[in-house]
Amino acid sequence: LERCQHSLRNKASRGHLTQSPLPHSHAQSLAEAEAYDGPLAVMITEPDGRTIRHVNRAWTALCGFLREDSVGRSMGIIQGALTSRPVSKAIGQACRKGVPVEAYLVNYRADRTAFANHVYAAPLAADAGHGAPRCFMSVLEELRLPPTSR
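Remember, predicted model here, so these are calculated numbers, not experimental data.

Calculation criteria
Residues numbered from 1 in each chain as written. Predicted model: local features only at pLDDT ≥ 70, side-chain atom pairs only at ≥ 80, totals over all residues. Heavy atoms only, no water. Helix = DSSP H or I, 4+ residues; strand = E, 2+ residues; numbered from the N terminus. Buried < 20%, exposed > 50% of the residue type's maximum accessible area, 1.4 Å probe, protein only. Contact = heavy atoms within 4.5 Å. Core = buried A, V, L, I, M, F, W, Y, C linked by side-chain atoms within 4.5 Å. Polar contact = N/O pair within 3.5 Å; in protein donor to acceptor, adjacent residues only side chain to side chain. pLDDT = per-residue confidence, 0-100. Salt bridge = Lys/Arg side-chain N within 4 Å of Asp/Glu carboxyl O.

**Q** Break down the overall build of the chain for me, with residues and values.
**A** In terms of helices and strands, the chain carries five helices and six strands. Reading the chain from its N terminus to its C terminus gives the helix and strand order α-β-α-β-β-α-α-α-β-β-β. Looking at the 150 residues of the chain, the share that counts as buried comes to 44%. Pairs at least 24 apart in sequence give 52% of the contacts found in the chain among residues at least 6 apart.

Here's what the structure looks like:
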């Protein structure tokens with residue numbers, strides 16, 4: 001267990017990216033993704049892959065930003081010194097190519113406290129699974145690891 005925790009901490013602090021087919025339930029249309037208000041923290045970005053178009057309540061609770069303070073801004077608002085720039089850039093490149101990805105990153109809350117998270121990102125078409133990607137959806141899952149004792 002300790003080796004697994006150490007591995008996840010390393011992945012989150014260094015950034016880690018893998019191409020991953022997302023579960024079918026994540027392959028939603030833009031309208032479905034914007035309407036989702038469940039427990040998963042969802043952020044939708046514009047086609048540029050950087051400008052925030054929509055966040056749900058779970059995302060605002062996780063990241064500490066109000067919706068009105070997030071929409072229209074760069075997703076750089078949740079990035080900081082420990083965020084892996086190469087992994088962040090690779091996520092955007094994969095989405096623009098239409099390839100779903102998952103990654104481990106360190107992001108930042110509005111109060112600038114860091115948190116490790118597992119990110120699933122995928123392009124969104126206008127209709128579920130049809131057409132060119134119009135936007136990109138990211139689902140953030142905070143990694144809550146118990147402290148290790150040494």
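**Q** Talk me through the nonpolar core; I want residue IDs and the actual numbers.
**A** Most often, soluble globular proteins have nonpolar side chains that are buried together. Trp 59, Cys 63, Ile 78, Ile 91 and Leu 140 are the most contacted members of the largest nonpolar core, which has 24 residues in total. In this structure, Trp 59 is in contact with Ala 41, Val 42, Met 43, Gly 64, Phe 65, Ser 70, Ile 77, Ile 78 and Leu 140, ignoring residues within four places of it in sequence. Within the second largest apolar cluster, eight residues are counted, among which are Leu 30, Ala 33, Ile 44 and Cys 135.

**Q** Residues and numbers for the side chain of Arg 109, please.
**A** Take Arg 109: it is sitting in the loop between strand S4 (101-108) and strand S5 (114-127). A distance of 3.0 Å separates a polar atom in the side chain of Arg 109 from the backbone oxygen of Leu 62. In this structure, Arg 109 is in contact with Leu 62, Cys 63, Phe 65, Ala 114, Phe 115 and Glu 142, ignoring residues within four places of it in sequence.

**Q** Break down the confidence of the model for the chain for me, citing the residues and quoting the values.
**A** Interpretation of this model should avoid reading the predicted coordinates in detail wherever pLDDT is low. On average, residues of the chain score 78 in pLDDT, and 72% of them reach the 70 mark or higher. Here residues 1-9 scores under 50 on pLDDT; set against residues more than four positions off or in separate chains, the count is 12 contacts. Predicted confidence for residues 19-27 stays below pLDDT 50, and this span has 15 contacts to residues more than four positions away or in other chains.

**Q** Please give an account of the pattern of salt bridges that cites residues and values.
**A** This structure, assessed with the given rule, holds five salt bridges. In this structure, Glu 46 engages Arg 53 in a salt bridge whose closest nitrogen and oxygen atoms are separated by 3.5 Å. What makes Arg 53 partly exposed here is its relative accessible area of 27%. Of the charged contacts in the structure, one is a salt bridge between Glu 142 and Arg 144, with a shortest N-O distance of 3.0 Å. Arg 144 sits in the exposed class, given a relative accessible area of 68%. Within this structure, Glu 34, Glu 46 and Arg 53 form a network of salt bridges that share partners.

**Q** Account for unusual backbone geometry, with residues named and values stated.
**A** Unusually for a residue other than glycine, Arg 112 sits at a positive phi of about 70°. The class of Arg 112 is partly exposed, set by a relative accessible area of 41%.

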